[in-house]
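Listed below are the residues making up each chain.
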Amino acid sequence: QVQLVESGGGLVQPGGSLRLSCAASGVISSINIMGWYRQAPGNQRDVVATITSDGSPDYADSVKGRFSISRGSAKSTVYLQMNNLKPEDTAVHYCNVRLWSDFEWSDYWGQGTQVTVSS
């Protein structure tokens with residue numbers, strides 16, 4: 001079983017920055033993708049950024065140039081540096097780990113952390 005613990009959300013003014021952290025514990029297969037998703041009220045959960053086990057990042061168009069995803073040295077921690085935040089970034093942000101094992105992908109989710117961008 002995999003558990004994810006997130007931290008770093010909060011209230012910030014437009015143009016400000018926040019850094020989200022997510023630590024994974026449990027059995028993590030060597031082939032995996034870690035990422036961040038977000039969900040605003042009334043909307044579906046959408047991908048923000050992902051990073052593969054070999055360090056290749058990918059971003060939603062709406063955050064390119066503003067957000068940066070990275071992994072810790074132990075590979076079981078993922079960070080999301082969010083700069084130049086906008087009100088439309090307001091949402092609950094969820095950490096995700098996708099593991100490849102026994103020829104299939106399995107998804108695990110954190111509890112979510114609120115990010116609010118408002119003046």
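The structure we're discussing is the one just above.
Please read these numbers as outputs of a predicted model, since none were measured by experiment. (Residues numbered from 1 in each chain as written. Predicted model: local features only at pLDDT ≥ 70, side-chain atom pairs only at ≥ 80, totals over all residues. Heavy atoms only, no water.)

## Focus on the overall build of the protein
Here's step 1: Along its length, the protein carries zero helices and eleven strands.
Here's step 2: Mapped in sequence order, the helices and strands of the protein form the string β-β-β-β-β-β-β-β-β-β-β.
Here's step 3: Relative to the compact-globule value of 14 Å for 119 residues, the protein shows a C-alpha radius of gyration of 14 Å, a close match.
Here's step 4: Each principal axis of the C-alpha atoms in the protein carries an extent, and together these give about 45 × 25 × 25 Å.
Here's step 5: In the protein, which comprises 119 residues, the proportion classed as buried is 39%.
Here's step 6: In the protein, 54% of the contacts between residues at least 6 apart in sequence involve partners at least 24 apart.
Here's step 7: With an accessible surface of roughly 6,400 Å², the protein has 47% of that area assigned to carbon and sulfur atoms.
Here's step 8: Placing the 9 positive and 10 negative side-chain charges of the protein at their respective mean positions leaves the two points 7 Å apart. (Helix = DSSP H or I, 4+ residues; strand = E, 2+ residues; numbered from the N terminus. Rg over C-alpha atoms; globule rule 2.2 N^0.38 Å. Buried < 20%, exposed > 50% of the residue type's maximum accessible area, 1.4 Å probe, protein only. Contact = heavy atoms within 4.5 Å. Areas by Shrake-Rupley, 256 points an atom, 1.4 Å probe, with all protein chains shown as cover. Lys, Arg positive; Asp, Glu negative; His and termini not counted. Charge placed at Lys NZ, Arg CZ, Asp CG, Glu CD.)

## Re the sheet that holds strand β8 (residues 77-82)
Hydrogen bonds between backbone atoms are what pair the strands of a sheet, whose relative direction is either parallel or antiparallel.
Here's step 1: With respect to topology, four strands assemble into an open sheet ordered β1-β3-β8-β7, the strand pairing being antiparallel. Edge positions in the sheet fall to β1 (3-7) and β7 (67-71), since each of these pairs with one other strand and no more. With direction set aside, neighbouring strand axes in the sheet form an average angle of 15 degrees.
Here's step 2: Sheet topology places strand β3 (residues 18-25) next to β8; six bridges connect them, and they run antiparallel. Following the sheet pairing, C22 is matched in β8 by V78. (Pairing = 2+ DSSP bridges. Axes fitted to C-alpha atoms, helices over the stretch in contact; angles between N-to-C directions.)

## Some remarks on the state of the cysteines
Here's step 1: Taken as a whole, this structure holds one disulfide when the rule is applied.
Here's step 2: Paired by a disulfide, C22 and C95 hold their sulfur atoms 2.1 Å apart. Measuring handedness by torsion sign, the sulfur bridge of C22 and C95 sits at about -85 degrees and is left-handed. Pair noted here: C22 is in strand β3 and C95 is in strand β9 (residues 91-101), with a separation of 73 residues, a long-range link. For the pair C22 and C95, one class covers both residues: buried. (Disulfide = S-S within 2.5 Å.)

## Focus on unusual backbone geometry
Here's step 1: A positive phi angle is found at N84, which is not glycine, with a value near 50 degrees.
Here's step 2: Relative to the assigned elements, N84 resides in the loop between β8 and β9.
Here's step 3: Classification of N84 by relative accessible area gives partly exposed; the value is 42%.

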